[in-house]
There are 2 protein chains.
Amino acid sequence: MNGAESLVRSLLANGVDTCFANPGTSEMHFVAALDRVDGVRCVLGLHENVVTGMADGYYRISGKPAATLLHCGPGLSNGSANLHNARRAESGIVNIVGDHATGHRPYDSPLTADVPALAGAVSASVCTPANTETLGADAARAVAIARQHPGRIATLILPADISWSEGGVEAATHSATPPPVIDPLAVETARQLLGGDGRSLILLGNSTATHEGIGLAYAIAGRAGADVMASSTVASHPGGRGTHPFPRVPYPVDAAIEVLAAYDNVLLVNCPPPVGFFGYPGKPSLLCRPDAVVHTLSRREQDGTEALRLLATAFGLDIGEMNRPAIGPRQEIELPHGEPTPEKLDQALAALLPDRAIIVDESITYSNGFTTTRAAAAPHDWLVITGGAIGGGMPVATGAAIAGGGRQVVNLQADGSAAYTLQALWTQARENLPCTTVLLNNRRYNILLGEYRNVGAVPGPTAMSMLDLDNPDIRWADLARSLGVEAVCVATMEECAQALSRGFGSGKPYFIELLV
Amino acid sequence: MNGAESLVRSLLANGVDTCFANPGTSEMHFVAALDRVDGVRCVLGLHENVVTGMADGYYRISGKPAATLLHCGPGLSNGSANLHNARRAESGIVNIVGDHATGHRPYDSPLTADVPALAGAVSASVCTPANTETLGADAARAVAIARQHPGRIATLILPADISWSEGGVEAATHSATPPPVIDPLAVETARQLLGGDGRSLILLGNSTATHEGIGLAYAIAGRAGADVMASSTVASHPGGRGTHPFPRVPYPVDAAIEVLAAYDNVLLVNCPPPVGFFGYPGKPSLLCRPDAVVHTLSRREQDGTEALRLLATAFGLDIGEMNRPAIGPRQEIELPHGEPTPEKLDQALAALLPDRAIIVDESITYSNGFTTTRAAAAPHDWLVITGGAIGGGMPVATGAAIAGGGRQVVNLQADGSAAYTLQALWTQARENLPCTTVLLNNRRYNILLGEYRNVGAVPGPTAMSMLDLDNPDIRWADLARSLGVEAVCVATMEECAQALSRGFGSGKPYFIELLV
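Each value, and the rule that gives it
- The numbering scheme is per chain: residues are counted from 1 as the chain's sequence reads.
- Key to labels: chains lettered from A, ligands numbered from 1, both in the order written.
- Only residues with pLDDT of at least 70 are given local features in this predicted model, and only at 80 or more are side-chain atom pairs given and counted; all residues enter the totals for whole chains, interfaces and linings.
- As a rule here, side-chain values cover all heavy atoms of the structure and leave hydrogens and water aside.
- UniProt positions are given in the numbering used here, feature names are shortened, and annotations may be inferred rather than shown by experiment.
- To form a nonpolar core, buried Ala, Val, Leu, Ile, Met, Phe, Trp, Tyr and Cys residues must be joined to one another through side-chain atoms within 4.5 Å.
- Per-residue accessibility, obtained with a 1.4 Å probe over protein chains only, is compared with the maximum for each type, and a residue is labelled buried under 20%, exposed over 50%, and partly exposed between these values.
- Contact definition: two residues touch when any of their heavy atoms are within 4.5 Å.
- Strands are runs of DSSP state E lasting at least 2 residues, helices are runs of H or I lasting at least 4, and numbering of each runs from the N terminus.
- For this overlay, a least-squares fit was computed on C-alpha atoms, restricted to residues scoring pLDDT of at least 70 in both copies.
- Neither His nor the chain ends is counted toward charge; the positive residues are Lys and Arg and the negative residues Asp and Glu.
- Here, a salt bridge means any side-chain nitrogen of Lys or Arg that lies within 4 Å of a carboxyl oxygen of Asp or Glu.
- Each polar contact in these results corresponds to two N or O atoms within 3.5 Å; when the atoms are within protein, one needs to be able to donate a hydrogen and the other to accept it, and residues that are neighboring in sequence are counted only if both atoms are side-chain atoms.
- Put simply, buried area is how much 1.4 Å-probe accessible surface two parts lose in total, over both of them, once they are put together.
- Strands are labelled as partners when DSSP assigns at least two bridges between them.
- As a rule, the C-alpha atoms of each element are fitted with a line to give its axis, helices using only the stretch in contact, and angles between N-to-C directions run from 0 to 180 degrees.
- Classification of ring pairs uses Phe, Tyr and Trp, with its six-membered ring standing for Trp, and accepts pairs whose centres are within 6.5 Å; under 30 degrees between planes counts as stacked, over 60 as edge-to-face, and the remaining range as tilted.
- Lysine NZ or arginine CZ positioned within 6 Å of the ring centre and within 35 degrees of the ring normal marks a charge as sitting over the ring.

- As recorded in an unreviewed UniProt entry, chain A goes by the name Acetolactate synthase large subunit, listed as coming from Metarhizobium album.
- UniProt, in the comment section headed Sequence similarities (unreviewed entry), describes chain A in these words: "Belongs to the TPP enzyme family."

Below is the structure:
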């Protein structure tokens with residue numbers, strides 16, 4: 001058995017059965033091994049940032065890591081923006097980067113690059129297997145790291161000769177390291193803080209944004225008179241009927257400062273402190289009040305849900321009774337009319353969303369927070385672009401659909417961001433995924449227009465030429481069709497609702513260009 | 001004057017008047033400064049790899065660096081594959097990467113990344129200005145590094161506060177460091193080697209692949225009985241009537257070994273040793289004969305043309321007499337008929353190419369070397385993708401057209417590679433560039449099919465699904481139109497020739513999907 005085959009078998013033995021790939025020459029032995037070993041679903045992306053974004057979306061829905069297959073340093077670079085987002089989402093990925101044969105590297109042939117340096121910037125661990133015999137074990141260790149709590153990016157740099165040589169060994173399962181235990185003092189401090197004077201906020205991060213975590217937080221908050229919110233970039237959270245309200249800290253700095261000003265105490269549960277996305281002249285980086293007490297109940301590596309259980313118990317609550325709110329009957333929500341607005345889109349979505357849908361939200365400025373959908377629509381999962389690298393939406397939606405096994409995916413997608421990774425549509429068509437994209441075509445980098453106004457008052461002609469996307473207009477529906485996805489261009493909410501119904505009923509990719 | 005304005009003024013004072021950009025929030029002060037300072041042409045790309053590829057193409061035609069403007073770590077990652085190609089092409093670029101304000105960085109907000117590590121992998125120099133006062137001088141130094149011989153990538157990491165603070169100073173011109181002198185012993189050794197026994201090859205790299213360098217090499221070769229060739233990945237070289245034959249070392253390893261087997265001596269002039277693009281089991285990395293004598297006349301940092309002058313003089317040649325071959329009259333080349341082949345495409349191109357065209361060649365497997373065009377077409381420049389990172393073609397063509405000031409650009413473009421950076425078409429439309437793309441649609445990663453056969457005999461269904469691009473077919477002409485470029489889809493050489501004529505006559509972007 002050659003190295004490549006031992007790698008494929010070891011991935012499978014350790015539960016990794018999905019591979020998102022854009023292979024090159026140095027990965028051909030891996031591809032050949034896939035023909036000899038059954039059981040790996042291989043999904044091709046036309047660009048590496050589609051590949052890595054798909055792996056991120058896949059993890060967020062399935063809760064388990066996929067492998068990626070990238071080609072040398074430039075392939076890794078191409079996929080690194082969505083690896084950055086995946087790192088912030090705490091998504092586990094076994095990130096395999098093929099590289100030159102060991103003996104060939106010193107010749108500095110054209111594709112040679114500093115792969116370990118590039119990998120280090122986006123990975124929790126980087127390993128270059130030293131020989132074919134240990135490759136399987138190195139792969140098993142990479143899976144264990146990726147599966148850890150929280151998920152991590154474990155990069156395996158695979159020299160071609162390690163892959164093609166004989167002597168590969170299929171590795172046994174490598175067990176994950178348990179998370180660090182919760183500090184009883186941190187729990188007691190949290191109890192005193194929430195039980196004491198002042199208004200308190202419980203802020204939940206990625207891995208605690210579940211029905212159970214939110215339910216525990218609400219029970220504690222009810223007892224202590226506190227509020228519950230989510231990090232502004234929480235990777236995924238449940239929404240719709242049968243969920244507690246779960247507002248995110250607003251993205252705009254001023255709005256976030258205003259919301260957080262109410263709180264004397266902020267309890268962080270697997271959540272970074274609330275900081276601005278960017279720094280601005282004369283504005284603080286830390287957005288809660290300067291005199292607020294910020295206490296970390298559990299950090300990201302720990303089991304935040306267990307920490308919440310311990311805190312609930314410390315408050316004398318019966319954990320067994322913490323059920324999620326009842327999923328009430330489907331509500332009649334009126335379909336909106338006329339010109340599109342974020343509020344009307346929210347309303348249409350709330351009315352039409354099928355059960356157990358997955359919403360991937362890269363709507364950027366065309367969002368009202370989708371409060372109606374999140375409160376009153378059918379139960380769903382809501383996914384957010386976590387790391388600020390635009391172009392996550394369509395790949396994450398594609399990977400989520402692969403993991404969803406038939407669940408409807410809805411991608412609320414800003415146009416400027418969509419232009420980064422539009423190749424994802426081709427994979428949606430190829431894999432026939434039930435993914436409806438709502439492309440919010442405002443023909444500009446609207447968020448930058450706002451940022452510019454913060455900086456320089458009225459944009460002049462050069463600035464406008466950097467912010468406008470209407471010269472020429474991108475004909476998005478045509479573009480989607482050219483990549484194999486059925487598409488429609490709509491300008492009213494009546495058409496939009498009709499298109500949403502059509503997309504949701506189709507069981508396949510559908511693309512709605514909404515002129516806003 | 002704030003930092004951003006001092007940066008713009010210092011770039012202009014040092015001769016950088018073109019900026020390829022995909023700005024984000026942290027770059028808004030730079031964008032605002034562009035509205036206050038006249039003289040910088042700003043070109044927007046929808047993706048950073050388009051931005052960096054344009055800067056590469058711009059340098060190769062203009063011989064001077066442009067600035068790029070990228071947004072934080074992920075923006076730099078997105079543009080790094082074409083920075084890799086630019087590094088191999090020895091293109092000078094002032095690569096400006098906006099980053100968080102100094103005081104904001106420690107908060108590890110979502111977009112925070114290890115920018116210096118990412119930049120180090122693709123740059124000759126990385127500088128983070130320490131304060132607003134020195135920013136202008138740091139920029140001037142970056143321009144000097146980018147302008148050096150050969151061109152280099154000088155990355156300037158620009159914290160937002162350094163940009164927005166007052167106290168900027170416009171820097172005076174910073175002069176470039178002269179290249180290291182030529183070693184007389186290296187010249188004498190070369191003379192003895194070429195003057196001695198055995199068959200010799202003079203191999204020219206990037207900066208010597210000019211009319212003057214090739215003319216000198218031919219004069220020396222004539223005297224010494226040697227041959228002249230180009231590196232397989234030479235960035236740019238002259239072609240057409242009035243040029244010496246200038247074959248590149250073949251890309252396929254076996255072909256390269258066969259061609260190079262004839263030579264006992266290989267003289268490298270600003271050229272890396274001829275090594276395989278990849279290593280393969282049982283095949284050498286160094287492709288000249290193991291017993292061949294390889295001598296470096298001049299390395300890339302040196303002035304290789306001066307080295308050739310010294311060597312010519314050592315051979316007793318009169319440098320003043322070394323003219324390029326006469327540009328003979330335009331030849332009548334018959335237009336091809338019927339089904340497309342690489343040979344017929346070469347013929348059509350040779351027949352129709354306008355004077356002083358720029359050809360950007362990412363044709364990959366759909367190439368016969370374009371020997372007829374390179375020998376008999378109107379004089380032109382031929383640009384090659386240098387670093388093996390696919391997706392260079394369309395951005396390099398776009399940047400070359402910006403630099404070309406009306407010269408016709410022809411982009412011979414493989415489909416798999418085109419899918420990486422198709423957003424470049426939008427910039428071509430926006431800037432109304434005379435760029436004709438010939439998209440060679442074979443609906444597969446054809447080069448990988450060959451590489452796979454080298455590895456695993458007949459591809460099975462999984463492998464084929466990783467190599468085929470026909471599920472679904474990309475409708476390339478439709479896609480180009482959706483991005484604002486006039487396009488046609490053709491299947492015969494008659495139609496192709498007609499489309500080439502139409503494109504060349506149009507003075508604007510034109511896209512030909514050739515079904516091959």
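That was the structure; now back to the text.
1. Section: the nonpolar core
Stage number 1. Ranked by internal contacts, the top residues of the largest apolar core, which has 183 residues, are A:Ile96 and B:Ile96.
Stage number 2. Setting aside residues up to four positions removed in sequence, A:Ile96 forms contacts with A:Leu7, A:Leu11, A:Phe30, A:Ala67, A:Thr68, A:Leu69, A:Leu70, A:Leu156 and A:Leu158.
Stage number 3. Among the nonpolar cores identified, the runner-up in size contains 29 residues, and A:Leu204, A:Leu216, A:Ala219 and A:Ala230 belong to it.

2. Let's talk about the environment of B:Tyr59
Residue and element names in this part refer to chain B.
Stage number 1. Inspection of the secondary structure puts tyrosine 59 in helix H3 (residues 48-62).
Stage number 2. Along the sequence, tyrosine 59 and asparagine 454 sit 395 residues apart, while their C-alpha atoms lie 37 Å from each other.
Stage number 3. Dropping the residues within four chain positions of it, tyrosine 59 is found in contact with Lys64, Pro65, Glu90, Ser91, Gly92, Ala146, Gln148 and Gly151.

3. A look at the relation of the copies chain B and chain A
Stage number 1. Take chain B, turn it by 180°, move it 0.0 Å along the axis, and it overlays chain A with an RMSD of 0.0 Å. Put plainly, the chains are arranged around a two-fold axis.
Stage number 2. When the interface residues of chain B are mapped onto chain A, 100% of them again lie at the interface, so the same face is used by both copies.

4. Overview of the side chain of A:Glu513
All names here are of chain A.
Stage number 1. Relative to the helices and strands, glutamate 513 is located in strand S17 (residues 510-515).
Stage number 2. Here glutamate 513 is buried and forms no salt bridge, its nearest opposite-charge partner arginine 443 lying at an N-O distance of 6.3 Å.
Stage number 3. Reaching out from glutamate 513, the side chain makes a polar contact with the backbone nitrogen of alanine 477 at a distance of 2.8 Å.
Stage number 4. Here glutamate 513 is in contact with Leu439, Asn441, Ile474, Arg475, Trp476, Ala477, Val488, Cys489 and Val490, once residues within four sequence places are set aside.

5. Some thoughts on the interface of chain B and chain A
Stage number 1. Each partner contributes to the interface: chain B provides 89 residues, whereas chain A provides 89 residues.
Stage number 2. Between chain B and chain A lies a buried interface of about 7700 Å² when both sides are counted; carbon and sulfur atoms form 64% of it.
Stage number 3. When the area that chain B buries against chain A is broken down by residue, the three leading residues are B:Pro110, B:Tyr420 and B:Met466, summing to 9%.
Stage number 4. The interface formed by chain B and chain A holds two salt bridges in total.
Stage number 5. A:Asp108 is paired through a salt bridge with B:Arg88; the nearest N and O atoms lie 2.9 Å apart.

6. Focus: the environment of A:Val249
Stage number 1. Topologically, A:Val249 is positioned in the loop between strand S9 (236-239) and helix H10 (253-260).
Stage number 2. In contact with A:Val249, not counting residues within four places along its chain, are A:Leu203, A:Met229, A:Ala230, A:Ser231, A:Ser232, A:Ala256 and A:Leu260.

7. Focus on helix H12 (residues 342-352) of chain B
Stage number 1. Every buried residue belonging to H12(B) is among B:Pro342, B:Leu345, B:Asp346, B:Ala348, B:Leu349, B:Ala350 and B:Ala351, and all of these are buried.
Stage number 2. For H12(B), the secondary structure elements touched by its buried residues are strand S12 (357-362), helix H13 (371-376), strand S14 (409-414), strand S15 (435-441), helix H20 (493-506) and strand S17 (510-515) of chain B.

8. Some points on the UniProt feature "domain: Thiamine pyrophosphate enzyme N-terminal TPP-binding" (unreviewed entry) in chain A
Stage number 1. Feature annotation in UniProt places "domain: Thiamine pyrophosphate enzyme N-terminal TPP-binding" (unreviewed entry) on residues 1-106 of chain A, given in this structure's numbering.
Stage number 2. Between the end C-alpha atoms of residues 1-106 of chain A there is a gap of 27 Å, over a span that is 50% helix and 20% strand.

9. Regarding the sheet that holds strand S4 (residues 93-99) of chain A
Residue and element names in this part refer to chain A.
Stage number 1. Pairing within the open sheet is parallel, and its six strands lie in the order S2-S1-S3-S4-S6-S5. Looking at which strands have only one partner, the edges of the open sheet turn out to be strand S2 (41-44) and strand S5 (125-127). Geometrically, the sheet is characterised by an average inter-axis angle of 20° between neighbouring strands, direction not taken into account.
Stage number 2. Judged from the four bridges that link them, strand S1 (residues 18-21) and S2 form a sheet pairing that is parallel. The residue of S2 that forms the bridge with alanine 21 is leucine 44.

10. Comments concerning the packing of aromatic side chains
All names here are of chain A.
Stage number 1. A full pass over the atoms with the stated rule returns ten aromatic pairs over all chains.
Stage number 2. A connected cluster of aromatic rings, assembled from ring pairs, spans Tyr251, Phe277 and Phe278.
Stage number 3. Cation over ring: lysine 283 sits above tyrosine 280, and NZ or CZ is 5.7 Å from the ring centre.

11. Let's talk about unusual backbone geometry
Residues and elements named next belong to chain A.
Stage number 1. Of note, the bond from asparagine 471 into proline 472 is cis; its omega dihedral lies within 30 degrees of zero at 0°.
Stage number 2. With respect to the secondary-structure elements, proline 472 resides in the loop between helix H18 (461-467) and helix H19 (476-482).
Stage number 3. Unusually for a residue other than glycine, arginine 443 sits at a positive phi of about 60°.
Stage number 4. Within the secondary structure, arginine 443 is located in the loop between strand S15 (435-441) and helix H17 (446-456).

12. A few points about the sheet that holds strand S16 (residues 486-490) of chain A
Residues and elements named next belong to chain A.
Stage number 1. Spatial strand order, S9-S13-S12-S14-S15-S17-S16: seven strands in an open sheet with mixed pairing. Strands with a single pairing partner mark the edges of an open sheet, and in this sheet they are S9 and S16. On average, each strand axis in the sheet is inclined to that of its neighbour by 20°, with strand direction left out of account.
Stage number 2. As defined by bridge partners, strand S12 (residues 357-362) adjoins strand S14 (residues 409-414) across five bridges and the pair is classed as parallel. Among the inter-strand pairings, isoleucine 358 is bridged to a residue of S14, identified as valine 409.

13. Re the pairing of S9(A)
Residues and elements named next belong to chain A.
Stage number 1. Alternating residues of S9 divide into Ser236 and Pro238 and His237 and Gly239, and every residue in both groups is buried.
Stage number 2. Across four bridges, the pairing between S9 and strand S13 (residues 380-384) is antiparallel. Within S13, the position partnered with glycine 239 by the bridge is histidine 380.

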